[in-house]
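# Fold and geometry: a report
The residues making up each chain are set out below.
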Amino acid sequence: MPDPILTPADVRAAVAQLPRERLAHLPTPLEEMPRFAAKIGGGVRVFIKRDDCTGLVLGGNKARHNEFLLGDALASGADMFVWGALVQSNNCRQTAASCAKLGLECRLYLSKAHQKTEPQGNLLLDYLVGAHVEFTDAKIGPELNALLASKAEEFRSAGRNPYFWNPPRVVPLAAVSYALCMAEIAEQLTALNVAPAAFYVSSAGATGAGVALGKALLGFQCPARLICPMPWPWHIPTQMASDANAAAERLGLPHRLKPEDLDADESFIAPGYGLPSRAGQEAMHLLATSEAILTDHVYTAKALAALIADVRAGKYPRGSSVVFIHTGGVPAIFAEPDKVLPGM
């Protein structure tokens, strides 16, 4: 028997059982971009879901995630967050802001990798909202995850109650937020009388898992193109399907995804994680000069480049509509102007 198709109201009712702290500015707008669409050609209408406008110090997808992560943390009696990623992490910036808003201590352990540690971009905002920052050489992924778990244990031994980056717990909860976002988009598309030919989003994790789950819950038959901004030392579609299924289980829903149900595309990562591509730079400049909307240069720009490439290749019929989910990340461009505008 096929899984039931839910209405947006059904999705909201399922989500309502989870602890949640209202942090984001919702609903975010869904805007058409006619000048951008004309520039890329193909006769396709392009809509943008403005999750760069969610609030929490300059917006992004993590504001939605954190409504459920902070809800879970407070329900468990947490008094601090132990979090980490790269120096220019949008995740850490919005998590630090969420903690400031709710009065929790935030400890960030930031992997230096190839990024500078001067207080600019996201890192500047981490400091401004009061996060305690330490830098590490631990690589993002299993190595940094192990460091965060050990730091959390140190705080626990000292009598604190830390909430930390524990992927089996936090990733499915974060994915729930983007299943809910898809319900929001579904209502906006209905109001506009638009049937989407595809969704695009930059993600190799929770956001993409939530978009894929939301697509299944709501019965969308079009592809959800999950443009991966980074490689992981695991099979990305398998992990995202697992996270989507864990999210559905948390919601008490029967829907289950298989790895082959996810259109996770790693072909736009080059020249590497956190490094801009020529196609991404073209995409961000086209959007900025046609619609006055900014993307960051290593996440959303690469996902937008994928959309442009597909449209120019004739993947969608003339007159069809595609939806780009803008996940934010704009503060990072101020930390690396040489990568945003080469030749300055």
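Residues numbered from 1 in each chain as written. Predicted model: local features only at pLDDT ≥ 70, side-chain atom pairs only at ≥ 80, totals over all residues. Heavy atoms only, no water.

The chain has the name Pyridoxal-phosphate dependent enzyme in an unreviewed UniProt entry, where Gemmata palustris is given as its organism. UniProt, in the comment section headed Sequence similarities (unreviewed entry), describes the chain in these words: "Belongs to the ACC deaminase/D-cysteine desulfhydrase family." (UniProt positions renumbered as here; feature names shortened; annotations may be inferred.)

## Quick notes on the overall build of the chain
Along the backbone of the chain there are 12 helices and 10 strands. Its C-alpha atoms put the chain at 60 × 55 × 35 Å along the principal axes. When each of the 344 residues of the chain is scored for burial, the buried share is 59%. Long-range contacts, defined as pairs at least 24 residues apart, comprise 78% of the intrachain contacts of the chain with a sequence gap of at least 6. A total of about 13600 Å² of accessible surface is found on the chain, and carbon and sulfur atoms cover 56% of it. Charged side chains in the chain number 31 positive and 33 negative. The centres of these two groups are separated by 3 Å. (Helix = DSSP H or I, 4+ residues; strand = E, 2+ residues; numbered from the N terminus. Buried < 20%, exposed > 50% of the residue type's maximum accessible area, 1.4 Å probe, protein only. Contact = heavy atoms within 4.5 Å. Areas by Shrake-Rupley, 256 points an atom, 1.4 Å probe, with all protein chains shown as cover. Lys, Arg positive; Asp, Glu negative; His and termini not counted. Charge placed at Lys NZ, Arg CZ, Asp CG, Glu CD.)

## A word on the nonpolar core
Grouped together as the largest cluster of nonpolar side chains are 81 residues, with contacts concentrated most on L108, Y163 and F199. Ranked by residue count, the leading element in this core is helix α7 (residues 167-192), at 15 residues. For L108, the residues in contact, after removing those within four places along its chain, are W83, C92, A96, D126, A131, H132, V133 and E134. Counting residues in each nonpolar core, the second largest holds 26 residues, with F36, L304, L307 and V311 among its members. (Core = buried A, V, L, I, M, F, W, Y, C linked by side-chain atoms within 4.5 Å.)

## Remarks on the packing of aromatic side chains
All chains considered together, the criterion is met by eight aromatic pairs. Linked through ring pairs, F81, W83, Y163 and W165 together constitute an aromatic cluster. For R64, the ring lying beneath its charged end belongs to Y178, and the centroid distance is 5.7 Å. (Phe/Tyr/Trp six-rings, centres within 6.5 Å; stacked < 30°, edge-to-face > 60°. Lys NZ or Arg CZ within 6 Å of the ring centre and 35° of its normal.)

## Brief notes about unusual backbone geometry
Looking along the chain, the bond that leaves L26 and enters P27 is cis, with omega of -5°. Examined against the element boundaries, P27 turns out to sit in the loop between α1 (8-15) and β1 (30-32). With an omega of 10°, the peptide bond running from A270 to P271 counts as cis. Summarising the element assignment, P271 is placed in the loop between β9 (263-265) and α10 (278-291). The backbone of L56 shows a phi angle near 60°, a positive value even though the residue is not glycine. Here L56 shows up in the loop between β2 (45-50) and α3 (62-75). Look at L58: it is not a glycine, yet its phi comes out positive at around 80°.

## Focus on the UniProt feature "domain: Tryptophan synthase beta chain-like PALP" (unreviewed entry) in the chain
UniProt records the feature "domain: Tryptophan synthase beta chain-like PALP" (unreviewed entry) at residues 23-328, using the numbering of this structure. The span residues 23-328 shows a helical share of 45% and a strand share of 17%, and its end C-alpha atoms are spaced 16 Å apart.

## Structural notes on the sheet that holds strand β5 (residues 132-136)
A sheet is described by the order of its strands in space; here four strands give the open sequence β5-β4-β3-β6, paired in parallel fashion. Each edge of the open sheet is held by one strand with a lone partner, namely β5 and β6 (162-164). Averaged over all neighbouring strand pairs, the angle between strand axes comes to 20°, with direction disregarded. Looking at chain direction, strand β4 (residues 105-111) and β5 are connected through five bridges and run parallel. Directly across from L108, in β5, lies its bridge partner V133. Set on the sheet, helix α5 (residues 121-128) makes contact with β4 and β5; between it and β5 the angle comes to about 140°. Across the sheet, helix α6 (residues 142-157) is in contact with β3 (80-86), β4, β5 and β6; its angle to β3 comes to roughly 160°. (Pairing = 2+ DSSP bridges. Axes fitted to C-alpha atoms, helices over the stretch in contact; angles between N-to-C directions.)

## Here's the deal with α6
An ideal rise of 1.5 Å per residue puts 22 Å on 16 residues; α6 measures up with 23 Å between its terminal C-alpha atoms. Turning to α6, its buried residues number three or more, namely L144, N145, L148, K151, A152 and F155. Buried residues of α6, viewed axially, fall in a sector of 125°; they line one side. On its buried side, α6 packs onto β3, β4, β5, β6 and α7. A positive backbone phi angle near 95° is found at G159, which sits one or two residues after α6. (Expected span 1.5 Å × (residues − 1). Arc of directions from axis to C-beta.)

## Comments concerning the packing of helix α8 (residues 206-218) against helix α9 (residues 236-250)
Running from N to C, α8 and α9 point in directions that differ by 60°, and their axes come no closer than 8 Å. By crossing handedness, the relation of α8 to α9 is classed as right-handed. Counted together, G208, A209 and L213 of α8 and M240, D243, A244, A247 and A248 of α9 form the full contact between these two elements. Its residues placed into classes, the contact of α8 with α9 shows six nonpolar, one polar and one charged. (Left-handed = near helix turned anticlockwise from the far one by under 90°. Nonpolar A, V, L, I, M, F, W, Y, C, P; charged D, E, K, R; others polar.)

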